[in-house]
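Next come the chains, spelled out residue by residue.
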Amino acid sequence: MSAPIALFFGTRPQVIKASVLRDCLAAVGPVVAVDTGQHYDYALQRVHYDQLGVREPDACLDVGSGSHAAQTGAILAACEAWLEQHRPRLAVVIGDTNSTLACALAAVKGGIPVAHVEAGLRAGDRYMAEEINRRVVDAIAELLFAPCERVAGPLRDRFPDARVEVVGDVAHDVLRRALPRVPPPTSVAGYDPGWGGDFVYATLHRAELVDAPARLRSVMDGLGRSPLPCLLATHPRTAAALAQLGYATQPRVRVVEPVGYLESIALARHAAAVVTDSGGLQREAYWLGVPCVTVRAETEWLETVQCGANRLIAPEHASGLPGAIADAASGRRAPDSWDRGAYGDGHAAERIAGVLSRRPQGAASSSR
Ligand code: UD1
């Protein structure tokens, strides 16, 4: 039997994307799924296995949390040990997390070629953790799967020895498959049926925002003055930061625990607007036809802004958040006014499998 393809993931959005990739890559040959364990709370990790029917991983590296160096180092060492034992013919990594970086690095140093899914995205901030991870992984990967042509061009210029393919966005595949199973918003704890669609669904989790008390406070104050009631689903990092700040949440904002993927889509789909710092939710709102306000100075998903689906507001300017929400919510009635095809058609994982099935097989290119 040929050596398997190893598929690495570790955080909440990666667990979900990996489930679709795993299904499609099975057409290419044996696949082993490895969860690094970067996320381990039920609400961030297990809920997806339970709720979306994601199959159990073949291995879990159980690395958990830590500083960037500690976490990246732990994944690097654990992944290297796993790779030495299993010798896959290709390592597939997704996105831009510490798991992405460490698994790609362990693989390439072990002579195992790397395929990077969601290649080419940039925020233009060289000190952002995810940007560092993306830049390094794009530089060491042999196969670069980009979500759109705009980001593929610079990859071809910068990395002429890599193979760059525009495949679309696997997150779109996930949404397309999940839509028939999305429950009504009334099934989500904290949603008030009296709101109907007149509410804002908000999520905040990025370290740059949540770990900066003044920024977090001003964004929370901005949500508190929203023209519509807000339901804020927290990440453990956000809940801890709010507790540490002793922040008294405004009556307009209802704070709930992290919600599962299907509940998140249920809320996004029915909301008048989404407010977020998540890359995933920006695209989900765009595909669902729901206006988005992104609480960041920049986005990797420029097309969502260019077509009018998404507006950026830097956390420093969060006093403008109520106005931005009002502006976004007023666009809710015309969701068809923007093109939703910037990142493919929801069949990215199949395209990736197609490229890999045409790639000459063989074990890792070198061994130590
Ligand atoms: C990570 C990714 C981020 C991605 C996000 C998806 C990096 C650098 N960042 O951010 O790009 O958007 O996942 O959700 O990889 N924690 C828990 N339970 C958990 C996991 C984490 O309580 O199951 C807490 C811990 O206090 C931990 C903190 O959250 O220190 C941050 O977790 P970490 O995995 O370092 O990064 P995320 O903020 O989740």
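Attention here is on the structure that accompanies the text.

What counts, and at which threshold
Residues numbered from 1 in each chain as written. Predicted model: local features only at pLDDT ≥ 70, side-chain atom pairs only at ≥ 80, totals over all residues. Heavy atoms only, no water. Helix = DSSP H or I, 4+ residues; strand = E, 2+ residues; numbered from the N terminus. Rg over C-alpha atoms; globule rule 2.2 N^0.38 Å. Buried < 20%, exposed > 50% of the residue type's maximum accessible area, 1.4 Å probe, protein only. Contact = heavy atoms within 4.5 Å. Areas by Shrake-Rupley, 256 points an atom, 1.4 Å probe, with all protein chains shown as cover. Lys, Arg positive; Asp, Glu negative; His and termini not counted. Charge placed at Lys NZ, Arg CZ, Asp CG, Glu CD. Phe/Tyr/Trp six-rings, centres within 6.5 Å; stacked < 30°, edge-to-face > 60°. Pairing = 2+ DSSP bridges. Axes fitted to C-alpha atoms, helices over the stretch in contact; angles between N-to-C directions. Polar contact = N/O pair within 3.5 Å; in protein donor to acceptor, adjacent residues only side chain to side chain. Near = heavy atom within 4 Å. Nonpolar A, V, L, I, M, F, W, Y, C, P; charged D, E, K, R; others polar. Parallel < 35°, antiparallel > 145°, perpendicular 65-115°, else oblique. Left-handed = near helix turned anticlockwise from the far one by under 90°.

Below, the discussion takes up the overall build of the protein chain. The number of helices and strands found in the protein chain is 15 helices and 13 strands. Its C-alpha atoms give the protein chain a radius of gyration of 20 Å, near enough to 21 Å, the size a compact globule of 368 residues would have. The principal-axis extent of the C-alpha atoms belonging to the protein chain is close to 60 × 40 × 35 Å. Per-residue burial over the protein chain gives 58% buried out of 368 residues. Considering only intrachain contacts with a sequence separation of at least 6, the fraction spanning at least 24 residues in the protein chain is 71%. By element, 52% of the accessible surface of the protein chain is carried by carbon and sulfur atoms, the whole surface being about 14200 Å². In the protein chain, 37 side chains carry a positive charge and 40 a negative one; their mean positions are 2 Å apart.

The next thing to look at is the packing of aromatic side chains. Using the criterion set out here, one finds seven aromatic pairs in the structure. Centre to centre, the rings of W301 and Y343 are 5.0 Å apart; their planes meet at 85°, and the pair counts as edge-to-face. One end of the pair, W301, is in the loop between β12 (292–294) and α13 (302–306); the other, Y343, is in the loop between α14 (321–330) and α15 (348–358), with 42 residues separating them in the sequence. The same class applies to W301 as to Y343, namely buried. Pairwise contacts between aromatic rings join Y286, W287, W301 and Y343 into one cluster.

This paragraph deals with the sheet that holds β12. Strand order in the open sheet formed by six strands is β10-β9-β8-β11-β12-β13, and the pairing between neighbours is parallel. Strand pairing shows two members of the sheet lacking a second neighbour, β10 (253–256) and β13 (310–312), which therefore form its edges. Between one strand axis and the next, the sheet turns through 20° on average, direction left out of account.

This paragraph deals with the environment of E263. The topology assignment puts E263 in helix α11 (residues 261–270). Relative accessible area serves as the criterion here: at 18%, E263 is assigned to the buried category. Put simply, E263 and E56 are 207 residues apart on the chain and 21 Å apart in space, counted from C-alpha to C-alpha. In contact with E263, not counting residues within four places along its chain, are Q51 and V188. Here Q51 takes part through its side chain, which lies 2.7 Å from a polar atom of the side chain of E263.

The next point concerns the sheet that holds strand β5 (residues 114–117). Ordered in space as β3-β2-β1-β4-β5-β6-β7, the seven strands form an open sheet in which the pairing is parallel. The two strands at the open ends of the sheet, each matched to only one other strand, are β3 (59–60) and β7 (163–166). In terms of strand pairing, strand β1 (residues 5–9) meets strand β4 (residues 90–94) through three bridges, oriented parallel. Paired with L7 across the two strands is V92, which belongs to β4. Packed on one face of the sheet, helix α3 (residues 68–86) meets β1, β2 (31–35) and β3 and runs near 165° to β1. Docked against the sheet, helix α6 (residues 149–158) engages β6 (143–146) and β7, running at close to 170° with respect to β7.

Mapped onto the secondary structure, T97 falls in the loop between β4 and α4 (98–109). Within the structure, the side chain of T97 is placed 3.0 Å from the side chain of Q14, a separation counted as a polar contact. When sequence neighbours within four positions are dropped, the list of residues in contact with T97 reads T11, Q14, Q38 and N133.

A few words on the site of the ligand. In the region of the ligand, 19 residues are neighbours, and H39, Y40, D41, E130 and H235 sit closest. Residue Q38 places a side-chain N or O atom 2.9 Å away from an oxygen atom belonging to the ligand. Protein contact buries 83% of the 750 Å² of open area that the ligand shows by itself. Elements with a minimum of two residues in the shell around the ligand: α1 (12–25), α3 and α10 (236–245). When grouped by side-chain class, the residues that make up the shell around the ligand number four nonpolar, ten polar and five charged.

So, about the packing of α1 against helix α2 (residues 42–51). Each pair of packed helices can be described by the angle between their axes along with the distance between the axes. Between α1 and α2, the shortest axis-to-axis distance is 8 Å and the interhelical angle comes to 20°. By the criterion of interaxial angle, the relationship of α1 to α2 is roughly parallel. Read as a crossing pair, α1 and α2 show a hand that is right-handed. Here α1 contributes R12, V15 and I16 to the contact with α2, which in turn contributes L44, Q45, H48 and Y49. Among the residues forming the contact of α1 with α2, the class breakdown is four nonpolar, two polar and one charged.

The next point concerns the packing of α3 against α4. Between α3 and α4, the least distance of the axes is 8 Å, while the angle of their chain directions is 40°. Looking at the two axes, α3 sits oblique to α4. Considering only the axes of α3 and α4, their crossing is right-handed. Across the interface between the two elements, H68, Q71, T72, I75, L76, C79, E80 and L83 of α3 pack against N98, S99, L101, A102, C103, L105, A106 and A107 of α4. Here the contact of α3 with α4 is composed, by residue class, of ten nonpolar, five polar and one charged.

From the geometry alone we can't say anything about function, so treat these as descriptive.
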